[in-house]
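Descriptive analysis of the structure
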Amino acid sequence: MKDNTKVVYWLITGCVLIFIMVVVGGITRLTHSGLSISSYKLISGTIPPMSKIEWQEAFDLYKQYPEYQKINQHFELQDFKDIYFWEWLHRFIGRFIGIVFIIPFLYFLLKKQLTKSTIKKSIILLALGGFQGFLGWYMVKSGLVDRPDVSHYRLALHLTTAFITFSFAMWIAMDIKFPERKEINIPLRNIIRWAFVLLIIQIVWGAFVAGLDAGFIHNFWPFMSDGKLIHETVYIEQNPVWRNFVEGKSGVQFIHRYLAYVVTGLIIFIWFKAKKTSINNLQQVLLKSLIWVVLLQFTLGVFTLLFQVPVILGVLHQVVAFFLLAVITFTLHRFSK
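Let me begin by describing the structure that accompanies this report. Worth saying up front: this structure is predicted, and the values here are computed from it rather than measured. (Residues numbered from 1 in each chain as written. Predicted model: local features only at pLDDT ≥ 70, side-chain atom pairs only at ≥ 80, totals over all residues. Heavy atoms only, no water.)

Some remarks on the overall build of the protein chain
The helix and strand tally for the protein chain stands at 11 helices and zero strands. When the helices and strands of the protein chain are placed in sequence order, the string is α-α-α-α-α-α-α-α-α-α-α. In terms of overall size, the protein chain behaves like a compact globule, its C-alpha atoms giving a radius of gyration of 22 Å where 337 residues would be expected to give roughly 20 Å. Projected onto the principal axes, the alpha-carbon positions of the protein chain cover approximately 65 × 60 × 35 Å. Counting all 337 residues of the protein chain, 48% fall into the buried class. Long-range contacts, defined as pairs at least 24 residues apart, comprise 78% of the intrachain contacts of the protein chain with a sequence gap of at least 6. Accessible area of the protein chain: about 17,800 Å², with a carbon and sulfur share of 69%. On the protein chain, the mean spot of the 33 positive side-chain charges and the mean spot of the 19 negative ones are 16 Å from each other. (Helix = DSSP H or I, 4+ residues; strand = E, 2+ residues; numbered from the N terminus. Rg over C-alpha atoms; globule rule 2.2 N^0.38 Å. Buried < 20%, exposed > 50% of the residue type's maximum accessible area, 1.4 Å probe, protein only. Contact = heavy atoms within 4.5 Å. Areas by Shrake-Rupley, 256 points an atom, 1.4 Å probe, with all protein chains shown as cover. Lys, Arg positive; Asp, Glu negative; His and termini not counted. Charge placed at Lys NZ, Arg CZ, Asp CG, Glu CD.)

So this is what it looks like as structure tokens:
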């Protein structure tokens, strides 16, 4: 039987692993561990250093790059091991995801358990996964030259591709699980599409905030200052002005803050609009879930900012962003033809 339950389980397992990888990636970023492994070895890099000599060699390699030379000169070997762990785990999960996607796909393909449509979608999914792996190293490479930090553009591309890969895998699974779909309300579906696009854009600016450490300034809410002159920050940092909103800390945080209001308001609007139309029980549950998750995410964003991005809140903010994307993807699928 083609496109059977096993195929759905395979895709959902991949989604769960992508989720775990992004969570570990968030911890890696927040603990400043991402530049601890200065080389990329696809096969041999799977096994971490196992002896004192190997650890010292890895540490000596780390010392050759800007992060150690400009920031972490005080590091001892144990400090290096602490940051090495998170980057190694992040890369290990990435390798494992590749195996989980490729081997079952080849099995289902040889056993002729996939329809032509699912084969095409799966090939695109595998390409996204491969591209994601390349982006990981491309991102790390940017922090090994002069500046001891990765490019926030490359970080955003790396993170957003992970979210899109997750969403696409989930969509394929739902196509198989729910083969029959009826058009319910085209205007409502179109608004949900806009909410989905805006959420992706919000994720991009969230990555900009993370990449520029823009969450450590303007730690006030609802405004970006508490009104006292001593806390005022120069908002316009670069010319032309538009660069402030993609490269300036204040401008990037400004976009991420106020786009959060737009996304939240649009989802609330969708919920109110849906109440005036005929929708089934599953759609009602999804819309209610969407409301609760977006409100939780908004609240976490506020507290993450107010407490100056502690690791636990930063990770939770990223975790709930994943849940929000999952719910809005499911919702859009159930409202689509």
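A look at the packing of aromatic side chains
By the definition in use, this model includes 29 aromatic pairs. Where tyrosine 62 meets phenylalanine 80, the ring centres are 5.2 Å apart and the plane angle is 35 degrees; that geometry is what we call tilted. With a gap of 18 residues between them, tyrosine 62 in helix H2 (residues 52–62) and phenylalanine 80 in helix H4 (residues 77–110) connect regions that are remote in the sequence. Comparing tyrosine 62 with phenylalanine 80, the two get one shared label, buried. Among the aromatic residues, ring-to-ring pairing joins Trp55, Phe59, Tyr62, Tyr68, Phe80 and Tyr84 into one connected group. For the cation-ring pair, arginine 154 lies above tyrosine 138, with the distance from its terminal atom to the ring centre recorded as 3.7 Å. One residue, arginine 334, lies across the ring of phenylalanine 178, its end atom 4.4 Å from the ring centre. (Phe/Tyr/Trp six-rings, centres within 6.5 Å; stacked < 30°, edge-to-face > 60°. Lys NZ or Arg CZ within 6 Å of the ring centre and 35° of its normal.)

A closer look at a nonpolar patch on the surface
Taken together, Trp221, Phe223, Phe254, Tyr258, Tyr261, Phe303, Leu306 and Phe307 make up a surface patch of nonpolar side chains, about 810 Å² in accessible area. If one sorts the elements of the nonpolar patch by residue count, helix H9 (residues 249–274) sits on top with three residues. With respect to the helices, strands and loops of the structure, phenylalanine 303 is situated in helix H10 (residues 281–306). (Patch = residues over 30% accessible without salt bridge, like charges linked within 9 Å, V, L, I, M, F, W, Y side chains within 5 Å. Salt bridge = Lys/Arg side-chain N within 4 Å of Asp/Glu carboxyl O.)

Focus on the packing of helix H5 (residues 116–141) against helix H6 (residues 152–177)
Two quantities define a packed helix pair, namely the angle between the axes and the distance from one axis to the other. Relative to each other, H5 and H6 sit at 160 degrees, their axes nearing to 9 Å. Relative to H6, H5 is oriented roughly antiparallel. Here H5 and H6 pass one another in a crossing that is left-handed. Its residues assigned to classes, the contact of H5 with H6 comprises 14 nonpolar, seven polar and four charged. (Axes fitted to C-alpha atoms, helices over the stretch in contact; angles between N-to-C directions. Parallel < 35°, antiparallel > 145°, perpendicular 65-115°, else oblique. Left-handed = near helix turned anticlockwise from the far one by under 90°. Nonpolar A, V, L, I, M, F, W, Y, C, P; charged D, E, K, R; others polar.)

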